[in-house]
Amino acid sequence: CRDNGVYIDLNLNVSRPFTVADGVKQVDWIGYGKALTYFDPTLIMLQKEYATQLLDHYNPFTGHRYAEDPAIAIVELVNENSILESWVRGRLRGEQTKPFGTWGDIPPAYAEDLTRLWNQWLCRKYPDREALAAAWQGDLRPNEDAHAGSVQRLRPEDFARASAGRFQDEASFYAELERTFFVDMASFLRGKLGVRQIIVGTSDHNHSLHGDLHVE
């Protein structure tokens, strides 16, 4: 590639089939783990492990580590993967009752984790239920209280009747999950592995969605 002026976009996560040996929960249910790779600690650890194994490798023909090889122009963290996209496509429900694969609903255990993170995010933003209710123009169900972990996440069929405050907060929550992952991974690649290439979060895709929602 280098000798012919061809430069590479090296992807760190595209279509990895996780296994029981990886220690991933509900591994037979998640397919390639799209969306889940942004927030599950085990999946994030595995991505860093793989990045280390790949980018620390010395190319015997050039003498360069992949992390420093000028023939690699871009390191892409995750390919065509967005938790925001999964949200608006209805793939974050957690209502899956049997293994489905990559492009179906996420398994219940991961949905529970996501709801817990959502409520923690709300608790950091709002001091109490009253403040949250005011910001959401009263759009809280009687049993919903972030400090009790009981605020539910919206499904696509809920969008039209949700208040602007509620919808915007949840969109911000998912966007922040994506950005936190991108920043953490980029910091790991630069600091731990000495990656010198341009680092991008994910690729532009699914153009019916606004590109700013899933490209960093």
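Structural data are supplied above this passage.
Residues numbered from 1 in each chain as written. Predicted model: local features only at pLDDT ≥ 70, side-chain atom pairs only at ≥ 80, totals over all residues. Heavy atoms only, no water.

Student: Is there a simple way to think about the overall build of the protein chain in this case?
Tutor: The helix and strand inventory of the protein chain stands at five helices and three strands. Listing every helix and strand of the protein chain by position from the N terminus yields β-α-β-α-α-α-α-β. Along the longest, intermediate and shortest principal axes, the C-alpha atoms of the protein chain span 65 × 35 × 30 Å. Within the span of the protein chain, comprising 216 residues, buried residues form 46% of the whole. Of the contacts made within the protein chain by residues no fewer than 6 positions apart, 65% connect residues no fewer than 24 positions apart. (Helix = DSSP H or I, 4+ residues; strand = E, 2+ residues; numbered from the N terminus. Buried < 20%, exposed > 50% of the residue type's maximum accessible area, 1.4 Å probe, protein only. Contact = heavy atoms within 4.5 Å.)

Student: What is the right way to look at the sheet that holds strand β3 (residues 198-200) in this model?
Tutor: Backbone-to-backbone hydrogen bonds pair the strands of a sheet. The strands run either parallel or antiparallel. The parallel open sheet is built from three strands, whose spatial order is β1-β2-β3. Of all the strands in the sheet, just β1 (8-11) and β3 have a single pairing partner and so form its edges. Across the sheet, the mean angle from the axis of one strand to that of its neighbour is 25 degrees, orientation sign disregarded. Two strands pair when backbone bridges link them, and strand β2 (residues 72-76) and β3 are joined in this way by three bridges, in the parallel orientation. From the neighbouring strand, Ile-74 faces β3, where its bridge partner is Ile-198. (Pairing = 2+ DSSP bridges. Axes fitted to C-alpha atoms, helices over the stretch in contact; angles between N-to-C directions.)

Student: Even after reading the chapter, I still don't get the side chain of Ser-82, so can you show me in this structure?
Tutor: Note that Ser-82 resides in the loop between β2 and α2 (83-88). Polar contacts involving the side chain of Ser-82 include one to the main-chain amide nitrogen of Leu-84, which spans 3.3 Å. A distance of 2.7 Å separates polar atoms of two side chains, one belonging to Ser-82 and the other to Glu-178. (Polar contact = N/O pair within 3.5 Å; in protein donor to acceptor, adjacent residues only side chain to side chain.)

Student: Would you take a moment to explain helix α1 (residues 41-55) for this structure?
Tutor: Here α1 spans 21 Å end to end across 15 residues, near enough to the 21 Å set by a 1.5 Å rise per residue. Buried residues along α1 sit in contact with β1, β2 and α5 (164-191). (Expected span 1.5 Å × (residues − 1).)

Student: Where do I start with the layout of surface pockets in this structure?
Tutor: Think of a ball as big as a water molecule: rolled over the atoms, this probe shows where empty space is left. The calculated volume of the largest pocket comes to roughly 240 Å³. Along its surface, the largest pocket is lined by 13 residues, and Tyr-38, Glu-176, Leu-177, Thr-180 and Phe-181 are the ones closest to its centre. Only α1, α3 (108-125) and α5 provide two or more residues apiece to the lining of the largest pocket. Element by element, the count of residues in the lining of the largest pocket is highest for α5, at six residues. A breakdown of the residues in the lining of the largest pocket according to their chemical character gives nine nonpolar, one polar and three charged. (1 Å grid on protein atoms, 1.4 Å probe; cavity = no way out; pocket = protein on both sides within 12 Å on 5 of 7 lines; lining within 4 Å. Points joined across faces, edges and corners; volume = space filled by probe spheres on them. Nonpolar A, V, L, I, M, F, W, Y, C, P; charged D, E, K, R; others polar.)

Student: So what exactly am I meant to see when it comes to the pairing of β2 here?
Tutor: Side chains on a regular strand alternate between the two faces of the sheet. Here β1 pairs with β2 via four bridges, running parallel. If you follow Leu-10 over to β2, its bridge partner there is Val-75. Crossover handedness for the path β1 to α1 to β2: right-handed. (Right-handed = clockwise from strand over helix to strand, strands pointing away.)

Student: Looking at this structure, how should I read empty space enclosed by the protein?
Tutor: A full pass over the atoms with the stated rule returns two cavities of 30 Å³ or more. The volume enclosed by the largest cavity comes to roughly 90 Å³. Along the wall of the largest cavity there are 13 residues; nearest its centre are Ile-30, Lys-34, Thr-102, Gly-104 and Ile-106. Residue composition of the lining of the largest cavity, grouped by class: five nonpolar, five polar and three charged. Here the second largest cavity defines a volume of roughly 40 Å³. For the lining of the second largest cavity, a count of residues per class yields four nonpolar, one polar and three charged.

Student: Please clarify how the packing of α1 against α5 should be interpreted in this entry.
Tutor: The packing of two helices is summarised by the inter-axis angle and the distance between the axes. In contact at an axis separation of 11 Å, α1 and α5 are set at 30 degrees when each is read in the N-to-C sense. When the axis of α1 is compared with that of α5, the two are roughly parallel. Considering how the two elements wind past one another, α1 and α5 form a crossing that is right-handed. Contact residues: α1 offers Ile-44, Gln-47, Lys-48, Ala-51, Thr-52 and Leu-55, while α5 offers Phe-181, Asp-184, Met-185, Phe-188 and Leu-189. Each residue belonging to the contact of α1 with α5 can be placed in one class, and the counts come to seven nonpolar, two polar and two charged. (Parallel < 35°, antiparallel > 145°, perpendicular 65-115°, else oblique. Left-handed = near helix turned anticlockwise from the far one by under 90°.)

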